[in-house]
Amino acid sequence: MKVTVIGTGYVGLVTGACLADAGNDVFCLDLNQEKIQKLNEGVIPIFEPGLEPIVKRNEQAGRLAFSTDVAASVAHGEIQIIAVGTPPSEDGSADMQHVIAAARSVGRLMEGYKVVVTKSTVPVGTADKVKHAIIEEQKKRGHGSDFSVVSNPEFLKEGAAVEDFMRPDRIVVGSEDPRAIALLRQLYAPFQRNRERIIVMGVRSAELTKYAANSMLAARISFMNELANLAETIGADIEEVRRGIGSDPRIGYQFLYAGAGFGGSCFPKDVKALQRSAQEAGRPLRLLHAVEEVNEAQKHVLAEKIRKHFNGNLRGKTIALWGLAFKANTDDMREAPSVALIDDLVREGASVRAYDPAAREEARKLFLNKKNIVIVDTAPDALEGADALAIVTEWQEFRSPDFAALKAKLKSPAIFDGRNLYDPPALKAQGIAYYPIGRKI
């Protein structure tokens, strides 16, 4: 099938590459000339395990092309997938300008039937706006072609996006047009050979499903963080509680880990956007306000633990920090808890030596010319001259360090663990002060 993907950000690039790998002829459009040039030179702009070889393999096979040519992109695909960014506006609502601009381009240039698919995370009612934008452009040109607008939200986890696309849990298709539904079934047939994964529903239900899914997962995280803080106060252990409640099949174990708060490009943005949509509809979601409030507070918990350990005085202290990305297996630092921690530490006069396997370059750009923040190239480098260590991201290489060597390097051998990676009795036996989240020490 001939497919156009509009936008080569995280979702667009993964979608285009994986569809091409299934044998489709995919045209990826982006108006960022520099990004397209790098992609054509084989440079992948994001860190995502498994993505680079898929992109290169399909470029070489001629099934995947990158361009800034809008007219060529509209002419290419019977299916036009909109996968542009929807960043939060100042009021928390999703900024839809790029989605509507993409729709207008399709309406202005299309010839023949098109299925316009919104894969970007968008508020309920966006499909109607996309449809109206296309119709307006067709009226301006004096003629138009038949088209359908379909909501097809993505459910890709950063760090596992390729696996999620190739072996999806579900494929949500929001449409009531049999022709469009048939084309989407054909497009996704290679990804559901062992069982039916497509769930067809109304367009507005599909749009709400994406926000509802992310907000539900965010709520589980904030709930566990609230419980962790309570457990710590009353002498319980959140890891024992997690196993106790996770064994209930109605609850399950996923997203029950206490930590330093959630970040990234999805959960914070989508929680805000759903709240905004609910307010506009006159049905405020009070629970989501609490989810967001708890998460923002949780990002400062590690700094408070560090402050107490040093008797309220961090001036002149150096804190080693392992992990900058908001989660492992990505270089994404958007809304990352590490940023809040670094800001707290530096504000109180501490210096930070930070390391991350993937997000170093992103961090260097983010903290460019910032005093007292050094981004280093290895985990041991971060420990040089440090008073204590804080862990913010659960990278695999942090799970089994040489504790004796670590203790020898730290002036005040203490670990502040925002991901509960270690066993408290084992750290006590090593003579290292250990401060996890919600655990009995």
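Refer to the structure presented above.
Here's a quick rundown of the structure. What you are looking at is a predicted structure, and each value in this text was computed from that prediction instead of being measured.

1. Describing the packing of helix H9 (residues 203-234) against helix H10 (residues 238-246)
In step 1: Their axes nearest at 9 Å, the elements H9 and H10 cross at an angle of 130 degrees. Comparing the axis directions of H9 and H10 gives the class oblique. The handedness of the crossing between H9 and H10 comes out as right-handed. Contacts from Met224, Leu227, Ala228 and Ala231 of H9 reach H10 at Ile238, Arg242 and Ile245.

2. Side note on the sheet that holds strand S13 (residues 414-417)
In step 1: Judged by pairing direction, the sheet is parallel, and its 6 strands sit side by side in the order S11-S10-S9-S12-S13-S14 without closing on themselves. Edge positions in the sheet fall to strand S11 (373-375) and strand S14 (433-435), since each of these pairs with one other strand and no more. Taken pair by pair, the neighbouring strands of this sheet meet at an average axis angle of 20 degrees, ignoring direction.
In step 2: Looking at chain direction, strand S10 (residues 351-355) and S11 are connected through 3 bridges and run parallel. Looking at the pairing, Ala354 lines up with Ile375 of S11.
In step 3: Together, strand S9 (318-322), strand S12 (388-391), S13 and S14 form the strand contacts of helix H13 (residues 301-309), whose direction differs from that of S13 by roughly 160 degrees.

3. A closer look at unusual backbone geometry
The general pattern is negative phi for most residues beyond glycine and trans for most peptide bonds.
In step 1: Located in the positive-phi region is Phe255, a residue other than glycine, with phi close to 60 degrees.
In step 2: Look at Asn420: it is not a glycine, yet its phi comes out positive at around 50 degrees.
In step 3: Looking at the element boundaries, Asn420 is found in the loop between S13 and helix H18 (424-429).
In step 4: A residue is classified by how much of its surface remains accessible, and Asn420, at 11% relative accessible area, is buried.

4. Looking at the packing of helix H1 (residues 10-21) against helix H3 (residues 51-60)
In step 1: Relative to each other, H1 and H3 sit at 55 degrees, their axes nearing to 9 Å. Of the possible angle classes, the one that applies to H1 and H3 is oblique. The interaxial crossing formed by H1 with H3 has left-handed handedness. Here Leu13, Val14, Ala17, Cys18, Ala20 and Asp21 of H1 lie close against H3, whose contacting residues are Leu51, Ile54, Val55, Arg57 and Asn58.

5. Observations concerning H1
In step 1: Across its 12 residues, H1 extends 17 Å between first and last C-alpha, which sits within 8% of the 16 Å expected from 1.5 Å per residue.
In step 2: Extensive coverage of H1 is indicated by the burial of 11 of its 12 residues.
In step 3: Of the positions making up H1, those classed as buried are Tyr10, Val11, Gly12, Leu13, Val14, Thr15, Gly16, Ala17, Cys18, Leu19 and Ala20.
In step 4: Looking at the residues trailing H1, positive phi occurs at Gly23, about 105 degrees.

6. Some points on the state of the cysteines
In step 1: Summed over all chains, the structure comprises 0 disulfides.
In step 2: As a non-bridged cysteine, Cys18 has Cys28 as the owner of its nearest cysteine sulfur, 11 Å distant.
In step 3: Cys18 gets classed as buried once you look at its relative accessible area, which sits at 0%.
In step 4: Using a relative accessible area of 0% as the deciding quantity, one classes Cys28 as buried.

7. So, the pattern of salt bridges
In step 1: Inspection of every chain in the model, using the stated rule, returns 33 salt bridges.
In step 2: Salt-bridge contacts for Glu52 lead to Lys56; the nearest nitrogen and oxygen are separated by 2.8 Å. Taken together, the residues Glu52 and Lys56, both in helix H3 and 4 residues apart, mark about one turn of the helix.
In step 3: Arg104 is the partner of Glu137 in a salt bridge, and the nearest nitrogen-oxygen pair spans 3.0 Å. Taken together, the residues span a long stretch of sequence, with Glu137 in helix H6 (residues 126-141) and Arg104 in helix H5 (residues 97-109) at a distance of 33 residues.
In step 4: A residue is classified by how much of its surface remains accessible, and Glu137, at 7% relative accessible area, is buried.

8. Side note on the packing of aromatic side chains
In step 1: Enumeration according to the criterion identifies 11 aromatic pairs in this entry.
In step 2: Seen from their ring centres, Tyr355 and Phe398 are 6.1 Å apart, and the 70 degrees between their planes marks the pair as edge-to-face. Residue Tyr355 is located in strand S10, and its partner Phe398 is located in the loop between S12 and helix H17 (403-409); the two are separated by 43 residues in the primary sequence.
In step 3: Among the residues examined, Tyr355 registers a relative accessible area of 6% and is labelled buried.
In step 4: With relative accessibility at 0%, the residue Phe398 sits in the buried group.
In step 5: Among the aromatic side chains, those forming a connected cluster through ring pairs are Phe165, Tyr188 and Phe191.
In step 6: Its guanidinium or amino end placed over the ring of Phe155, Arg170 lies 3.7 Å from that ring's centre, counting from NZ or CZ.
In step 7: One cation-aromatic arrangement involves Arg179 over Tyr113; the distance from NZ or CZ to the ring centre is 3.5 Å.

How each quantity is defined
Residues numbered from 1 in each chain as written. Predicted model: local features only at pLDDT ≥ 70, side-chain atom pairs only at ≥ 80, totals over all residues. Heavy atoms only, no water. Axes fitted to C-alpha atoms, helices over the stretch in contact; angles between N-to-C directions. Helix = DSSP H or I, 4+ residues; strand = E, 2+ residues; numbered from the N terminus. Parallel < 35°, antiparallel > 145°, perpendicular 65-115°, else oblique. Left-handed = near helix turned anticlockwise from the far one by under 90°. Contact = heavy atoms within 4.5 Å. Pairing = 2+ DSSP bridges. Buried < 20%, exposed > 50% of the residue type's maximum accessible area, 1.4 Å probe, protein only. Expected span 1.5 Å × (residues − 1). Disulfide = S-S within 2.5 Å. Salt bridge = Lys/Arg side-chain N within 4 Å of Asp/Glu carboxyl O. Phe/Tyr/Trp six-rings, centres within 6.5 Å; stacked < 30°, edge-to-face > 60°. Lys NZ or Arg CZ within 6 Å of the ring centre and 35° of its normal.

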